[in-house]
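The lines below spell out each chain.
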Amino acid sequence: MSILDKRAALKAEIDKVAEVAGYLWQKGWAERNGGNITVNITQWADDAMRALPAISAAQPIGKTLPRLKGCWFYCKGTGRRMRDLARDPMANGSIIRILDDCASYEIVADAPVAPTSELPSHLAVHDYLLAKGSPYRASLHTHPIELVALTHSRQWMEKDAATRMLWSMIPETKAFCPRGLGMVPYMLPSSVELAEATIRAIDEDYDVVMWEKHGVFAVDTDIMDAFDQVDVLNKAAQIYIAAKNMGFTPEGMSDAQMKELSDVFHLPK
Ligand code: 13P
Ligand code: ZN
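The following paragraphs examine the structure supplied in this document.

Rules used in this analysis
Residues numbered from 1 in each chain as written. Chains lettered and ligands numbered in written order. Predicted model: local features only at pLDDT ≥ 70, side-chain atom pairs only at ≥ 80, totals over all residues. Heavy atoms only, no water. Helix = DSSP H or I, 4+ residues; strand = E, 2+ residues; numbered from the N terminus. Rg over C-alpha atoms; globule rule 2.2 N^0.38 Å. Buried < 20%, exposed > 50% of the residue type's maximum accessible area, 1.4 Å probe, protein only. Contact = heavy atoms within 4.5 Å. Areas by Shrake-Rupley, 256 points an atom, 1.4 Å probe, with all protein chains shown as cover. Lys, Arg positive; Asp, Glu negative; His and termini not counted. Charge placed at Lys NZ, Arg CZ, Asp CG, Glu CD. Disulfide = S-S within 2.5 Å. Donors = N, O, S within 2.8 Å, 3.2 Å for Na, K, Ca; no water. Polar contact = N/O pair within 3.5 Å; in protein donor to acceptor, adjacent residues only side chain to side chain. Axes fitted to C-alpha atoms, helices over the stretch in contact; angles between N-to-C directions. Parallel < 35°, antiparallel > 145°, perpendicular 65-115°, else oblique. Nonpolar A, V, L, I, M, F, W, Y, C, P; charged D, E, K, R; others polar. Expected span 1.5 Å × (residues − 1). Pairing = 2+ DSSP bridges. Salt bridge = Lys/Arg side-chain N within 4 Å of Asp/Glu carboxyl O.

This part takes up the overall build of the chain. A tally of helices and strands in the chain yields 11 helices and nine strands. In terms of C-alpha radius of gyration, the chain reaches 19 Å, essentially the compact-globule figure of 18 Å for 269 residues. In terms of overall dimensions, the chain has C-alpha extents of about 60 × 35 × 30 Å along its principal axes. For the chain, buried positions account for 54% of its 269 residues. Taking the contacts inside the chain whose residues are at least 6 apart along the sequence as the reference set, 73% of them involve residues at least 24 apart. Here the chain has roughly 12,100 Å² of accessible surface; of this, 54% comes from carbon and sulfur atoms. Once the 29 positive and 35 negative side-chain charges of the chain are each reduced to a mean point, those two points are 3 Å apart.

So, on to the state of the cysteines. A full pass over the atoms with the stated rule returns zero disulfides. Left unpaired, C75 is separated from the closest cysteine sulfur, that of C71, by 12 Å. Assessed through its relative accessible area of 0%, C75 is described here as buried.

Another point: the coordination of the zinc ion (ligand 2). In the first shell of the zinc ion (ligand 2), the protein supplies H141 (NE2), H143 (NE2) and H214 (NE2), at 2.1 to 2.2 Å from the metal. With relative accessibility at 14%, the residue H214 sits in the buried group.

This part is about the environment of D101. Inspection of the secondary structure puts D101 in the loop between β4 (93-98) and β5 (104-109). On the basis of relative accessible area, D101 is assigned to the partly exposed category, the value being 45%. It is 9.9 Å that separates the C-alpha atoms of D101 and P60, two residues lying 41 residues apart in sequence. Polar contacts involving the side chain of D101 include one to the main-chain amide nitrogen of A103, which spans 2.9 Å. Among the polar contacts listed, one links the side chain of D101 to the side chain of S104, at a separation of 2.7 Å.

Time to look at the packing of helix α1 (residues 3-26) against helix α10 (residues 223-245). Look at α1 against α10: their axes get within 9 Å of each other, and the N-to-C directions meet at 20 degrees. Here α1 is positioned roughly parallel relative to α10, judged by the angle of their axes. In this structure, α1 uses K16, V17, E19, V20, Y23 and L24 to contact α10, whose residues at the interface are I223, M224 and F227. Of the residues belonging to the contact of α1 with α10, the class tally is seven nonpolar, no polar and two charged.

On to helix α4 (residues 119-132), then. With 14 residues, α4 should reach 20 Å at 1.5 Å per residue; the first-to-last C-alpha distance of 20 Å fits that figure. Summarising burial for α4: 11 of the 14 residues are buried, a large majority. Looking at α4, one finds that the buried residues are L119, P120, S121, H122, L123, A124, V125, H126, D127, Y128 and L129.

Another point: the sheet that holds β4. Reading across from one edge, β2-β5-β4-β3-β1-β6-β9-β8-β7 is the order of the nine strands in this open sheet, with mixed pairing throughout. Of all strands in the sheet, those with a lone pairing partner are β2 (59-60) and β7 (181-184), marking the two edges. As paired strands, strand β6 (residues 138-142) and strand β9 (residues 215-220) are joined by five bridges and run antiparallel to one another. In the strand pairing of β9, T142 is matched with V216. Packed on one face of the sheet, α4 meets β1 (36-40), β3 (72-76), β4, β5, β6, β8 (208-211) and β9 and runs near 30 degrees to β1. Those strands touched by helix α9 (residues 192-203) are β7, β8 and β9, and its axis lies near 145 degrees from that of β8.

The next thing to look at is the pattern of salt bridges. Following the criterion strictly, the structure yields 19 salt bridges and no others. Where D46 meets R7, a salt bridge forms, and the shortest distance between an N and an O atom there is 3.1 Å. With D46 in the loop between β1 and α2 (47-50) and R7 in helix α1, the pair connects residues that are 39 residues apart, well separated along the chain. The closest approach of N and O atoms between E204 and K159, which form a salt bridge, is 2.8 Å. Remark: K159 occurs in the loop between α6 (154-157) and α7 (161-167) and E204 occurs in the loop between α9 and β8; sequence separation between them is 45 residues. Exposure remark for E204: the relative accessible area of 45% places this residue in the partly exposed category. Classification of K159 as exposed rests on a relative accessible area of 53%.

Quick look at the structure:
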C-alpha cells in the first residue's frame, strides 16, 4: 500500500471511530466521559509517522504485553466525551506507540491527550488478539442501558443465560452476534484484574463481554462491527424489557427454531 493510500485508510478508520462515538452518544450509552475506544492502527503506520517525536514522557501500561512491541493505537482520551470525540477525534483522543520494553507507551500525535483509564484492558485484549492471529483490530467499551441492567440480576449473570434469552428474542441476534455474551463479575474499573478477567472471557470464545454493573467490552475487525454486535444484543434486551413492560414474559424462539436458524446460517452450537 502506498503512503497516500495508508494515510487515506488511517483517516477512514478514525472517521469511523468518530461516527461510532456519535452513535454511542445518541443511544444514551455515553453519559459524560463514559466508554472508550481503541484501534490497532499499526498496519497504517508509515515512515513519516515512525519518524514523529514523542509528545509525552513514557508512561507505564501496568502490564507487559510482548506482542505489542512497536504497535500503534488510536485511543480515546481519558475523561473525554464521546459526543466531543464525534466532532473532533484527534482533539479528544491521541495516537500512541508501544515502546520496546512492551510495558510502556508514549503519545505521538496529535495532542498530548492521555489515553483512556481502561487502557490496561484494551491493550491486554489487543495483545491477546495478535497472539491468536485474530484479524480483529478494534475494541469498544460502552455503557448500554438495558444490557447493564441485566447484569444486576444473578439469573442473567449465570453463564450463557443472557445469551440464550437474547438470541431467542429476534432471529438476527444469533446471526450477527454468533458467539453470544460473556459475563465478567464486578471488578474495579480500569484495574489490571478486570483486564485479565476480560481476556479470560474473550478466550472462552466471546466477542462481547459484560462487565457486571458497569458496561460492555466488544472486539471485532473494525469499530463499526464491534458497535454493531453490541447494538444487536442491546436491541434484543430492549425487546425482552418491552414485553415485560406489557405485563408478560416473552416466549422467545423455540429450541427447534433456534436449531433451524443455526443450521441454515451455519452458526456455532
Ligand atoms: P475514560 O474516560 O478514562 O475512558 O473512562 C470511561 C469509562 O467508561 C471507564 O470505565
Ligand atoms: Zn466504563
